[in-house]
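These are the residues of each chain, in order.
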Amino acid sequence: MKCNICKSKGINIENGIYNLPFHNLKLCKEHYKSWFEKRVLYHIKKYNMFNKEDKIAVALSGGKDSISLLYVLHKLGYNVIGFHIDLGIENFSTKTKEKILEFHEKTQIPIKIYSLKKLIGASLPKALEYTKRPPCSFCGAVKRYYFNKLSKDIGCNIIATGHNLDDEVSTLLHNILTWNIKYLGRKYPVLKERNNFLRKVKPLFHVRNIEVLYYTQAYELPFISTECPYSTKSKLDFFGNIMNNIEKNFPSTKLNFYNGYLEHFDYFSQYFTNHTKLPDLQNCQICGEPTVSNICMICTLKEKIKGA
Ligand code: SF4
Ligand code: ZN
Ligand code: ZN
C-alpha cells in the first residue's frame, strides 16, 4: 500500500499505512494525523461550535474518544482543559485516573480531576444506595450537573464531549425504532446554551470509532480500554452491530444515515417544540444551578448522604 499523498509504502498500520476504505484513502502516519485534524477543524467551523476566544471544557472519561478529542482540540490551538470526575469505583476509577495522569505527563495539556466523594460525600457505588435510578442514568445526571457547574466555576463557556459517529448512529437507530421524538428533537451536534446551561458540542460526531483509535495509535496516546462495571453498553453495541452489518453491504450508510438526520433536524426540533411542554427551569435555592424544583437533585442527594 502507498500513502495517497507522499507515496511512502507500507503493508499495514504497523508499517505506518492507515487504510481508510470508507474514504477511499490510504495514508502514512503523518498524513493521517493531518487529515484527521483538518476534518475535525472543518466540522467545528461548519457547525459553528466554538472559536479561539472560547474556553472549552472537555469531559474526560479516560477512554479513547475523550482523550483524542482533548488532544486534537489542543493541537488545533483551541483553549481547552480536560475535566475528569473520579467516581470512586474500585479498580476501574484508579486505573482510569492513572491513564489520565499518564496522558497529562505526556502532553502537558491542563487537566482537572475532581473526586465524587469530595463533591457529594460518597463514591458512586455508595451514592447508588440513595437512589432508585439505574446506575448510568444516575451517574450521567451527576456528571452533567458537575461538568456544567465546575466548568463555569473556572470560566469555561463550552462543554465538549467525545461522542463519535458510531455512538451517534447506534443511538439514532435505537431512537428511530422507538420514535423517541425527545431524542430526535434535541441531539444535534451543538446544543445551544440556555438557562445557565453551557453550550454542548460533539466535535467528533462525524469520525468513525476506528478512525479515533487510529488517531490514538498515531500519537501513542494513553487511554483506558476496560469498561466501567456498570456499563449497559451491550444494548447500544447491539444496534452498533446492526449498523456495522448494514455498512458491510452498503458502504457509507452510517455517514449518510447521520447526515440525513442532520438535514431533517429542523423538522424534528420543530415537532418536538410544538408537542412537548418542557418543565420551567429555576435556579436551585442552595447551589444556584438550573433545576425543575426549588432544590436540585444534587443538593437533595447531598443532604441525604450528610444525614445518613
Ligand atoms: Fe457512569 Fe455508566 Fe459510564 Fe459507568 S458506564 S461511568 S456508571 S455512565
Ligand atoms: Zn504520506
Ligand atoms: Zn442545588
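Relevant structure appears above.
Residues numbered from 1 in each chain as written. Chains lettered and ligands numbered in written order. Predicted model: local features only at pLDDT ≥ 70, side-chain atom pairs only at ≥ 80, totals over all residues. Heavy atoms only, no water.

A. Region of the structure containing the overall build of the protein. Across its full length, the protein carries 13 helices and 10 strands. Taking the principal axes of the C-alpha coordinates as reference, the protein spans close to 65 × 45 × 40 Å. Relative to its 308 residues, the protein shows a buried fraction of 46%. Total accessible area on the protein is roughly 16200 Å²; 53% of this is exposed by carbon and sulfur atoms. Placing the 45 positive and 27 negative side-chain charges of the protein at their respective mean positions leaves the two points 2 Å apart. (Helix = DSSP H or I, 4+ residues; strand = E, 2+ residues; numbered from the N terminus. Buried < 20%, exposed > 50% of the residue type's maximum accessible area, 1.4 Å probe, protein only. Areas by Shrake-Rupley, 256 points an atom, 1.4 Å probe, with all protein chains shown as cover. Lys, Arg positive; Asp, Glu negative; His and termini not counted. Charge placed at Lys NZ, Arg CZ, Asp CG, Glu CD.)

B. Focus on the coordination of the zinc ion (ligand 3). Only C284 (SG), C287 (SG), C296 (SG) and C299 (SG) from the protein reach the zinc ion (ligand 3) as donors, at distances of 2.3 to 2.4 Å. Taken together, the four donor atoms coordinating the zinc ion (ligand 3) and their angles of 105 to 114° define a geometry best described as tetrahedral. When the donor residues of the zinc ion (ligand 3) are listed from N- to C-terminus, their spacing reads C-x2-C-x8-C-x2-C. Relative accessible area serves as the criterion here: at 4%, C284 is assigned to the buried category. (Donors = N, O, S within 2.8 Å, 3.2 Å for Na, K, Ca; no water. Tetrahedral: all angles 85-135°; square planar, octahedral: opposite > 155°, others 65-115°.)

C. Main features of the pairing of strand β1 (residues 17-20). Direction of pairing for β1 relative to strand β2 (residues 25-28): antiparallel, over a ladder of four bridges. Counterpart to L20 in the pairing with β2 is L25. The turn linking β1 back onto β2 is made up of four residues, and N24 within it adopts a positive phi angle of 55°. (Pairing = 2+ DSSP bridges.)

D. Main features of the site of ligand 1. Taken together, L87, L124, C136, C139, K143, C228, Y230 and S231 make up the full set of residues near ligand 1. The dominant element in the shell around ligand 1, judged by the number of residues it contributes, is helix α6 (residues 135-153), at three residues. Residues that form the shell around ligand 1 fall into these classes: six nonpolar, one polar and one charged. (Near = heavy atom within 4 Å. Nonpolar A, V, L, I, M, F, W, Y, C, P; charged D, E, K, R; others polar.)

E. Looking closely at the coordination of the zinc ion (ligand 2). Bound to the zinc ion (ligand 2) are the protein donor atoms C3 (SG), C6 (SG), C28 (SG) and H31 (ND1), situated 2.1 to 2.3 Å from the metal. With four donor atoms in place around the zinc ion (ligand 2) and angles of 97 to 117° between them, the coordination shape is tetrahedral. Mapping the donors of the zinc ion (ligand 2) onto the primary sequence yields the spacing C-x2-C-x21-C-x2-H. You can see C6 sitting in the segment before β1 and its partner C28 sitting in strand β2, a full 22 residues away along the chain. Since its relative accessible area comes to 10%, C28 is described here as buried.

F. Representation of the sheet that holds strand β6 (residues 158-160) in the model. The six strands lie next to each other as β5-β4-β3-β6-β8-β7, forming an open sheet whose pairing is mixed. For this open sheet the edge positions go to β5 (111-115) and β7 (190-191), each flanked by a neighbour on one side alone. As paired elements, β6 and strand β8 (residues 199-201) share three bridges and run parallel to each other. When the bridges of β8 are listed, I159 appears paired with K200. Where helix α2 (residues 64-75) meets the sheet, it contacts β3 (55-59), β4 (79-86), β5 and β6, and its direction lies at approximately 160° from that of β3. On the sheet, helix α3 (residues 92-107) packs against β4 and β5 and is oriented at approximately 160° with respect to β5. (Contact = heavy atoms within 4.5 Å. Axes fitted to C-alpha atoms, helices over the stretch in contact; angles between N-to-C directions.)

G. Seen up close, helix α7 (residues 165-177). End to end, α7 covers 18 Å across 13 residues, agreeing with the expected 18 Å (1.5 Å per residue, within 8%). By the criterion of burial, α7 is predominantly enclosed, with 10 of the 13 residues buried. Where α7 is buried, its residues contact α8 (181-184), α9 (209-219), α10 (233-249) and α11 (253-263). Taken from the residues just after α7, W179 is the one with a positive phi, measuring 45°. (Expected span 1.5 Å × (residues − 1).)

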